[in-house]
Each structure stands twice: as structure tokens, then as C-alpha cells.
2 protein chains.
Amino acid sequence: MDKIRLGHGSGGKLSQQLLQEVFLPKFDTGFLIQCQDAAIAPFNKSKLVVSTDSYVVSPIFFPGGNIGSLSIHGTINDLCMRGAKPLYIAISFIIEEGFSIEQLKEIVQSASTAAKDAGVEIIAGDTKVVERKAADKIFISTTGVGCLFDESKTCGIEQAKPEDIVIASGDIGCHGMAIMCARNNFDLETQIESDSASLKDMVHELLKADLEIHSLHDITRGGLATCLNEIAQSSKVSIDIDEENVPVSAQVRGACEILGLDPLFVASEGRLVAIVSKNSSDKALEIMHKYHYGKNARVIGDVKDAKARVNLRTTIGSTRILDMLTGEQLPRIC
Amino acid sequence: MDKIRLGHGSGGKLSQQLLQEVFLPKFDTGFLIQCQDAAIAPFNKSKLVVSTDSYVVSPIFFPGGNIGSLSIHGTINDLCMRGAKPLYIAISFIIEEGFSIEQLKEIVQSASTAAKDAGVEIIAGDTKVVERKAADKIFISTTGVGCLFDESKTCGIEQAKPEDIVIASGDIGCHGMAIMCARNNFDLETQIESDSASLKDMVHELLKADLEIHSLHDITRGGLATCLNEIAQSSKVSIDIDEENVPVSAQVRGACEILGLDPLFVASEGRLVAIVSKNSSDKALEIMHKYHYGKNARVIGDVKDAKARVNLRTTIGSTRILDMLTGEQLPRIC
């Protein structure tokens, strides 16, 4: 390993390796080591929650959104996954010389609308311009700051417990396949739209209800398989998933078949996994079903007190280990 | 104006125009409109301070630093300019496929050292990888979060008052000229080193002392001239500067002459302008002189109750209006 490969940005195994070998030995502050969606840190007498992401999605406009709305939704969701109420977002643009100002306006409008819809204020910004061919059109970095919804209730990927129930909040893989189809100009009968959305309202209702929510993790780079592996590793539990219960739309399944992709590894940008106690699962599902993006929420498996890994009971009845993403399935998905 | 030009990222007039025409109409949250180095926002019962910047400097390694240390110093300084104590930094990397992992390690090490030296914790991070030629080596975005050093004392570029004294904390333009010389492989007798540094300790000592510090503004993109114009516009005052008092090193002056550049428009990354009351200026200078990067601090002018602009009394005795940077003098300086 002496050169950066596309897979180092995949969110899968190579990303983890880069984190372990390059970033964590230097940035040894305790916050990054947890590998959570967002960090919870002391601030005056309370706590603040911070998350950051860069967005390099290609194409920058896709069915269901663009890089502007995506950069806001993604960061809002990361804060929510720790039980935080998103308050502020700082946004920074790197733009290629010659980029269309009309397109920039459209992107800024989408970001602004996404922030307003979620009740989040854009607090700080920056713009840098690089010469032609020094960047591909436009990249956006967003950092979100929030406060804990309830300081006594935090959730994290290390809190899954044996006998917990695993819920997926909706059908997976729409974002990844929308990007792939847009990139390759696929002409499907029904266009696949990205699921990019702020999950804030649903998460806040889940947190307000008197439920035992242990882990929330958004299904992004590396897909459901990577998301579940991260929880299993951090919580040191085994997660058993029933493949036939994993919600996948017919269009996503069809497009995945054409491209030879496994939907379990395809990114969503408006879906989460919730790990909840057994007696909280019915109520959690009831809440999720109230939301457009949660209407297909379903129990997909459960947690066992066994070796930290993910087991998939396949549709044909066999069981296999489901590993996290290796290599790079879909570069520049977000 | 239908395409992004390099000048839109210069920090000068075109940047201001882009802000006014594209960003502010959409991100109309009140925070951005102030155009401060950092935003001060309510958080629980206290206040937090946030600043964000993307770094696209080229070359990524230069005498006196690299993109890693620069990205930390810049964001720390922006927080300090509002009277804030920097606490946390979120850092996000966009890396070109094929980039050297050894160089990445060196950059991460520099960023880590810069953060530790300033007592700031890296709280969150992200890495994206794009294919070859979709980015030029590596870009870094940093967002800083801090708390006000003293909630009753904030400073800002809108707080300069007539009769105030204008102090430059050191000789200007070293960073910009170090980058230019490195980019063009200039072989000067004495190498110019970037002045990139955290100004945190000096600023905190200034704020702790019982002084009337009205404005602090770091001299970055667009140089001293742009920095002063931003203060004059925000505070609605006139600022009179004596050119012969503006500290410029012989090397920077020489390199500027060769390249036909005016040092007043060349970026620093470890210098600030302080606008203080008349009776605070001696003590402020005394404090600055204690620091390596403040040892050349000098009074360079004063504030008048007149039309918002900057007047330069030149070395030959005439007076001319000093405008902010127009166009793009030095692209990708930070």
C-alpha cells in the first residue's frame, strides 16, 4: 500500500485500513477512534455533536437531488444517528474554473432548501476556485453541529445488545443505483430516484418515544452490509439477517442484476438501520411507517451474543458470512 | 458573469460579488451576511463560534509548512479573530487516486502537530477519493468550533471606531511569496518561508489584558489591502495607512518586484490586523512583541470618521485610495 486507490474512499475495508494505518495513529484524540457517524464532545457545561463529510458525487445532478441537497442531508443524518438535533451547518465549496454560475445557483438553492426544511441554519461558508482540470466541477464539504436531543439518551454503533431487533427503515440502494444509472445514461422503464432525504423528523420522534434505541446507523457508502458490519464490530455482537426480509425495490433489484451488483453493498442516502430492544421494535416500526421514507421499514434480523460478524440467511435457506465492502464497487457515490 | 473564474476564489472583489449574488440570497441566515472570519451563534445557554475553510494550496508542500498545517492554522486563526478559544476541528480530505500514502502521512502528521500545539482536538473526519485528474492531489476542508474567551468581549470587523489605532502584527506577504517562489522554482539567495502559524496564544493574551480591542482580522487572501477594506466597509469608517510603516521584509519586497506584485495584496497566513483604542495600542504592541510571529508588530495607521474606504499615504508623500484585490493575483494560495 503506497498509493491511494479509489477503494480507500469506498467506506469499506480499504477505508478502514487507511483510517487505522494513516489517520488514527496521528489523530489520536479518542473521538475518531470510535468511528461513529458523529462525535459527542463536552462544551461548556453541556455537550455538542459534530460531523463532517466531503461530497464528490458524480454526476452532480441526479434523479432525486443534486450535490447541494445531498451534502446537507448527509450531514444532518450523521448528527441524528447519535441522537442529536442538528442546529448549524458550515459549508465549503471547491469549484472548477469555468463552472456554470447557473448550476451553482441551483446547487446552492437545493442546499438552502434542504437546510431550511430541516430547521438547520447555514452558519459559515467558504469558496475556493481551482483552475480547469484541477477539480471535477464542484466538491462540497459540510460540517454539522448539533446538541443532544436528550443528554441522558445517546445512541451509537457500539451499543447493540444480544436479543436486540434489527430494523431497516426502508428499501435499500436507491441512491447508489440512481447515480449509476445517471452516470451510464441507462434508460430503464422506471427511473430510479435517489432516496436522499433528511431523517431528522423520524429519528426525533423515535427518540422522543419511550423506547430503547441502542444504535442508529445510516446506510451510506458500502451499503447495508458495511453498515451492519460496523455495528457488529463496534458492539462485539453477531447480527443475523434474513435476506428475504431486506427491502429492495424491483427497479433497484433489476438494475443491480444488469450491472452485476449486490444491493446489500449499494449506498442509500435516506435510510438507516435501527437496533432496538425486543419490546421496542413494534412501536419503532409504527413510528417509522408514518414517514414517507420509513413506510417500507421492516425487521430484517436480530442480534446474537456471538463472534462479531454478520450472518446472512439467504433466500435459498443457506447461511453465509456477510462481509463489509471490499474494493470499490461504486466510486463517487456521495 | 455566467462562468466561475479563478478570481471568484481570490478573496477580493469577485469573491465578494459571488457572495452577494449567489450565496447570500439563498443562505440568508444572518450569519453569513456579516462576512466575519467566524460566526458566533447561540448554543444551549452559551455561545459557540464556528468557521470553515477549504484548502487547495499548490504546491501542497512549501517552505514553512504544507497543506496539513496550513488547514489547521487557518481555521484556528479565524476562530481567534472573533475572540474565541478554538476547541475542536473537523477535517475532511478529498484525495486524487494514485496520491502517495507517504505524503498523506506527512500531511496528516503536520495537521496533527499543528492541532496539538494549539491545544485543539480533531473531533471528526472524512476521506473521499476521486479518480485521477478529477482533483489535483489533495484538498482539505477544516471546520473549527470554539467558545468565546470572554462572553462579554467579542471583536469583529464591524467594530472599528474613529480615532482607533491600526496595528499589523508583523511583516506581510511571506506566505504568498513562499508559495509563488515554490511554484515557479525561484532560486532566491534567501528562501522565503511561509508565515503560516497559529496566532492563538498571542490573541488570547491580547484578550485577557484589559484592553479595548475592537477588530481582529487575519491577513489572508487578498492581502492587507483587502483585509483593511473589509474592516472599513463593515465598520463604515475610513482607515488611513502610512505605506512606509507597513512592515515588509527585504526578501518579500524583492520577490514582489521581480514578479510585479504589490506586497499589500499578497496573502499572509500568520499575521493579523488589530484595531484598538488609542490608549490600548502601546500595551497591545508590547504583548505582540513577546511572540516570535509578533516581533515586527507596528502601528501602520489610524481610523477616521469619514467615507468607508482605505487611504494610503505613499512613501513619496502622496495619498491614494487603496482598493481591495480585483481579479486574481495569486490563485490557490491557501
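Everything that follows concerns the structure shown earlier in this document.
A brief look at the structure comes next. Here the residue numbering is sequential within each chain, running from 1 through the sequence in written order. Labels are handed out in written order, letters beginning with A for the chains and numbers beginning with 1 for the ligands. In keeping with the predicted nature of the model, local features appear solely for residues at pLDDT of at least 70, side-chain atom pairs appear and are counted solely at 80 or more, and the whole-chain, interface and lining totals rest on all residues. With hydrogens and water excluded, all non-hydrogen atoms of the structure serve as input to the side-chain values.

### Some remarks on the relation of the copies chain A and chain B
And then number 1: Least-squares superposition aligns the copies on the C-alpha atoms of those residues with pLDDT at or above 70 in both. Relative to chain B, chain A is turned by 180° and slid 0.0 Å along the rotation axis, the superposed coordinates differing by an RMSD of 0.0 Å. Taken together, the rotation angle and the small translation identify this as a two-fold axis. For chain A, the smallest separation between a C-alpha atom and the rotation axis is recorded for Ala135 of chain A, amounting to 2.1 Å.
And then number 2: Contacts are assigned to residue pairs that have any heavy atoms within 4.5 Å of one another. Mapped onto chain B, 100% of the interface residues of chain A again fall at the interface, so both copies present the same surface.

### What about the sheet that holds strand S7 (residues 138-148) of chain B?
Residue and element names in this part refer to chain B.
And then number 1: Across the sheet, which stays open at both edges, the five strands sit in the order S1-S2-S7-S5-S6 with mixed pairing between neighbours. Pairing within the sheet leaves two strands with one partner each, and these edge strands are strand S1 (39-43) and strand S6 (121-130). Within this sheet the neighbouring strands show an average axis-to-axis angle of 20°, counted without direction.
And then number 2: Between any two strands, pairing holds if DSSP finds at least two bridges. Runs of E in the DSSP output that reach at least two residues are strands. Runs of H or I that reach at least four are helices, and both are numbered from the N terminus. In the sheet, strand S2 (residues 46-55) pairs with S7 via eight bridges, with the strands oriented antiparallel. Axis lines are fitted through C-alpha atoms, for helices just across the contact stretch, and the angle between N-to-C directions can take any value from 0 to 180 degrees.

### A word on the pattern of salt bridges
And then number 1: Salt bridges, as used here, are contacts in which a Lys or Arg side-chain nitrogen is within 4 Å of a carboxyl oxygen on Asp or Glu. One pass over the full model with this rule turns up 32 salt bridges over all chains.
And then number 2: Put simply, Arg332 of chain B and Glu131 of chain A hold a salt bridge, and the shortest N to O gap is 3.0 Å. A residue pair is termed interchain when its members come from two chains, as with Arg332 of chain B in the segment after strand S14 (319-321) and Glu131 of chain A in the loop between strand S6 (121-130) and strand S7 (138-148).
And then number 3: The closest approach of N and O atoms between Arg320 of chain A and Asp262 of chain A, which form a salt bridge, is 3.9 Å. Remark: Asp262 of chain A occurs in the loop between helix H7 (250-259) and strand S11 (272-276) and Arg320 of chain A occurs in strand S14 (residues 319-321); sequence separation between them is 58 residues.
And then number 4: For every residue, the accessible area (1.4 Å probe, protein chains only) is compared with the maximum for its type, and the residue is labelled buried under 20%, exposed over 50%, or partly exposed between those bounds. Note on Arg320 of chain A: relative accessible area 37%, which makes it partly exposed.
And then number 5: Each of Asp240, Asp242, Asp302, Lys304 and Arg313 of chain A takes part in salt bridges that share partners, so that together they form one network.

### Some details on the packing of helix H2 (residues 67-80) of chain A against helix H3 (residues 101-117) of chain A
Residues and elements named next belong to chain A.
And then number 1: The geometry of H2 relative to H3 is characterised by a closest axis approach of 6 Å and an angle of 30° between their N-to-C directions. Here H2 is positioned roughly parallel relative to H3, judged by the angle of their axes. For the element pair H2 and H3, the recorded crossing hand is right-handed. Seen from H2, the contacting residues are Ile67, Gly68, Ser69, Ile72, His73 and Ile76; seen from H3, they are Ile107, Ser110, Ala111, Ala114 and Ala115.
And then number 2: The residue inventory of the contact of H2 with H3, partitioned by class, reads seven nonpolar, four polar and no charged. Working definition: roughly parallel below 35 degrees, roughly antiparallel above 145 degrees, roughly perpendicular at 65 to 115 degrees, and oblique for all remaining angles. Crossings are assigned a handedness: left-handed for a near helix turned anticlockwise from the far helix by less than a right angle, right-handed for a clockwise turn. Amino acid classes used here: Ala, Val, Leu, Ile, Met, Phe, Trp, Tyr, Cys and Pro are nonpolar; Asp, Glu, Lys and Arg are charged; the rest, including Gly, are polar.

### Focus on the interface of chain A and chain B
And then number 1: With 78 residues of chain A in contact, the opposing surface of chain B contributes 78 residues.
And then number 2: Put simply, buried area is the surface a 1.4 Å probe can reach on two separate parts but cannot reach once they are joined, added for both. For the pair chain A and chain B, the two sides together bury roughly 6800 Å², of which 69% comes from carbon and sulfur.
And then number 3: Sorting the residues of chain A by area buried against chain B places Ile4, Phe27 and Ile101 of chain A first, and these three jointly supply 10% of that buried surface.
And then number 4: In this assembly, chain A and chain B are joined by eight salt bridges.
And then number 5: Where Asp53 of chain A meets Lys128 of chain B, a salt bridge forms, and the shortest distance between an N and an O atom there is 3.5 Å.
And then number 6: Polar contact is defined as a pair of N or O atoms within 3.5 Å, subject to the rule that within protein one atom must be able to donate a hydrogen and the other to accept it, and that residues adjacent in sequence are counted only when both atoms are side-chain atoms. Taken together, chain A and chain B are joined by 34 residue pairs in polar contact (both at pLDDT 80 or more).
And then number 7: Going through the elements one at a time, helix H1 (13-23), strand S1 (39-43), strand S2 (46-55), strand S5 (84-96), H3, S6 and S7 of chain A are the ones with two or more residues in the side of chain A that touches chain B.

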